[in-house]
Amino acid sequence: MSDAAAPQSTRLTVLIPFAIVTLIWGSTWIVIRDQLSVVPPSWSVTYRFTVAGVTMLIWALLRGESLKMDARGIRFAVLLGLAQFVFNFNFVYRAEQHITSGVVAVVYALLLVPNAVLARIFLGQKMGRQLVVGSAIAMAGVALLFVHEARLSPVGPQAALLGIGIAMLGVMSASIANVMQATGTAKAYPMATMLGWAMLSGAAIDAVFALITVGPPMFDPRPSYALGIVYLGVLGSAVSFSLYFQLIRTIGPAKAAYTSVLIPVIAMVFSTVFEGYRWSALAGGGAVLVVAGLVVALKARRPNR
C-alpha cells in the first residue's frame, strides 16, 4: 500500500509528534507530584506557564513570526489561556493533592469522549465506525486501569471522589481548549505566537488568582523544584502543546486525544522505573487494551467526516 493511500494519522509526520507528546506528558505526572511539597499549586502553575510563554515567543521570533495580534487574536489567546492554562492545570495540580498521579492520568484518558462530542457539536466532525470501535476497546482498557489504581489508592473514598471530580473538571476545560484549537480563528494566526500569548495571559491570570487565594509568591529552594519548572515549562508545555495543537489541526480533536489514552500506560512505565511501581494482571490487561484500541482507531481512514 502506498503512503498516499495510507490514513493520514498513520504517517510519520503524525506518528512522530504523537509519540513525542505521549512520552513527554507521560513523564510529567511524576514531576508535578514533586511540585506539590511546598509551593501552592497556583504559584507552581504560574511559574510553569511564564517559562512556557516566554519560550514560545522566543521561538516565534527565531522563526521570523510577528508577535503582534489584532483584537480578535488577543481575545482568542486570553480565552484559550483561561481554559487550558488556568482552569485545566489548576484542576490537575489540585487533583493530585487528593489522589495519586496514576489515577489522575487515568481520568485524563477520558478526554477522548468530550473531545469527540464537542468536535461533533462545534466542528461538525463525525466519528467513523472504526474510531468508535477503537475508542470502545481503549475505554475498556482505561476502566481496568482505573479499577487497578483505585484499589491501590491510600486515601479514603470521599477524598478519592473529590480528587476524581476535580480531575474531571480539568478534563472538560482541556477539551474546550482542544476544540478551540481546531477552529478557523486559531488557524488564522501563527501557532507559536498564539500559544505564547495564551500561555502568558494564562500565567498572569494564575498569578492574580494565587495572590488572592494564597498570598505572595512562594518558591521551593530545592534544585529539583526549579529543574521541574524548567522541564514542565519548556518540554512539558512549550514543545508538547505546539506538537499537540498541530495534531489537533491535522487529525482532529478526537484522534489527537488518543495521546491522553496512552499516557497512563506511559506514566506507569515511568513509575515502574522511578517509583518501584508493580504491575498486576489487571493493569497489564488494561494497558494491552489501550494500545489495541489506539492501533484500531489510528488506522481509521475517515475518522472525522
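No experiment lies behind these values; they were computed from the predicted model shown.

J.: Could you give an account of empty space enclosed by the protein, with specific residues and numbers?
T.: Using the criterion set out here, one finds 1 cavity of 30 Å³ or more in the structure. Taken together, 18 residues make up the lining of the largest cavity; nearest its centre are Trp25, Trp29, Asn88, Phe89 and Tyr108. Of the residues belonging to the lining of the largest cavity, the class tally is 11 nonpolar, 6 polar and 1 charged.

J.: Help me get a handle on helix α3 (residues 71-95), residues and values and all.
T.: Structural remark: α-helix, 3.6 residues per turn; residues separated by three or four positions point the same way. With 25 residues, α3 extends 35 Å from end C-alpha to end C-alpha; this agrees with the ideal 36 Å at 1.5 Å per step. Considering bend angle alone, the principal kink of α3 is centred on leucine 82 and spans about 30 degrees.

J.: Mind laying out a nonpolar patch on the surface, listing which residues take part and the relevant values?
T.: A cluster of nonpolar side chains, Leu12, Leu15, Ile16, Ile20, Leu235 and Val239, forms an exposed patch at the surface whose accessible area comes to about 470 Å². Going through the elements one at a time, α1 (12-35) and α10 (223-251) are the ones with two or more residues in the nonpolar patch. The leading source of residues in the nonpolar patch is α1, at 4 residues. Position of leucine 235 relative to the elements: it lies in helix α10. The exposure class assigned to leucine 235 is partly exposed, which follows from its relative accessible area of 34%.

J.: Explain the packing of aromatic side chains to me, and be specific about the residues and the numbers.
T.: Under the definition given, this model contains 12 aromatic pairs. Geometrically, the ring pair formed by phenylalanine 49 and phenylalanine 89 is edge-to-face, given 4.9 Å between the ring centres and 65 degrees between the ring planes. Of the two residues, phenylalanine 49 is situated in helix α2 (residues 41-62) and phenylalanine 89 in helix α3; the sequence distance between them amounts to 40 residues. Measuring from centroid to centroid gives 6.0 Å for tyrosine 244 and phenylalanine 245, while their planes differ by 40 degrees, and the two rings are tilted. The exposure classification of tyrosine 244 matches that of phenylalanine 245, with both residues buried.

J.: If you had to explain the packing of α3 against helix α9 (residues 191-214) to someone new, which residues and values would you point to?
T.: Running from N to C, α3 and α9 point in directions that differ by 55 degrees, and their axes come no closer than 7 Å. Here α9 runs oblique to α3, going by the angle between their axes. Where α3 crosses over α9, the handedness of that crossing is right-handed. Along the contact surface, α3 presents Gly73, Phe76, Ala77, Val78, Leu80, Gly81, Leu82, Phe85, Val86, Asn90 and Arg94, while α9 presents Met194, Leu195, Trp197, Ala198, Met199, Ser201, Gly202, Ile205, Asp206 and Phe209. When grouped by side-chain class, the residues that make up the contact of α3 with α9 number 14 nonpolar, 5 polar and 2 charged.

J.: Let's hear about the nonpolar core: which residues, and what values?
T.: Most often, soluble globular proteins keep nonpolar side chains buried together rather than apart. Counting 81 residues, the largest nonpolar core has Phe49, Phe241 and Tyr244 as the members making the most contacts within it. With 9 residues, the single largest contributor to this core is α3. When neighbours within four sequence positions are excluded, phenylalanine 49 is seen to be in contact with Phe85, Phe89, Met199, Leu200, Ala203, Asp206, Ser237 and Phe241. Counting 7 residues, the second largest nonpolar core, distinct from the first, contains Val39, Trp43, Tyr225 and Ile229.

Procedures and definitions
- Residues numbered from 1 in each chain as written.
- Predicted model: local features only at pLDDT ≥ 70, side-chain atom pairs only at ≥ 80, totals over all residues.
- Heavy atoms only, no water.
- 1 Å grid on protein atoms, 1.4 Å probe; cavity = no way out; pocket = protein on both sides within 12 Å on 5 of 7 lines; lining within 4 Å.
- Points joined across faces, edges and corners; volume = space filled by probe spheres on them.
- Nonpolar A, V, L, I, M, F, W, Y, C, P; charged D, E, K, R; others polar.
- Helix = DSSP H or I, 4+ residues; strand = E, 2+ residues; numbered from the N terminus.
- Expected span 1.5 Å × (residues − 1).
- Bend = angle between axes of the 7 residues up to and from the residue.
- Patch = residues over 30% accessible without salt bridge, like charges linked within 9 Å, V, L, I, M, F, W, Y side chains within 5 Å.
- Areas by Shrake-Rupley, 256 points an atom, 1.4 Å probe, with all protein chains shown as cover.
- Salt bridge = Lys/Arg side-chain N within 4 Å of Asp/Glu carboxyl O.
- Buried < 20%, exposed > 50% of the residue type's maximum accessible area, 1.4 Å probe, protein only.
- Phe/Tyr/Trp six-rings, centres within 6.5 Å; stacked < 30°, edge-to-face > 60°.
- Axes fitted to C-alpha atoms, helices over the stretch in contact; angles between N-to-C directions.
- Parallel < 35°, antiparallel > 145°, perpendicular 65-115°, else oblique.
- Left-handed = near helix turned anticlockwise from the far one by under 90°.
- Contact = heavy atoms within 4.5 Å.
- Core = buried A, V, L, I, M, F, W, Y, C linked by side-chain atoms within 4.5 Å.

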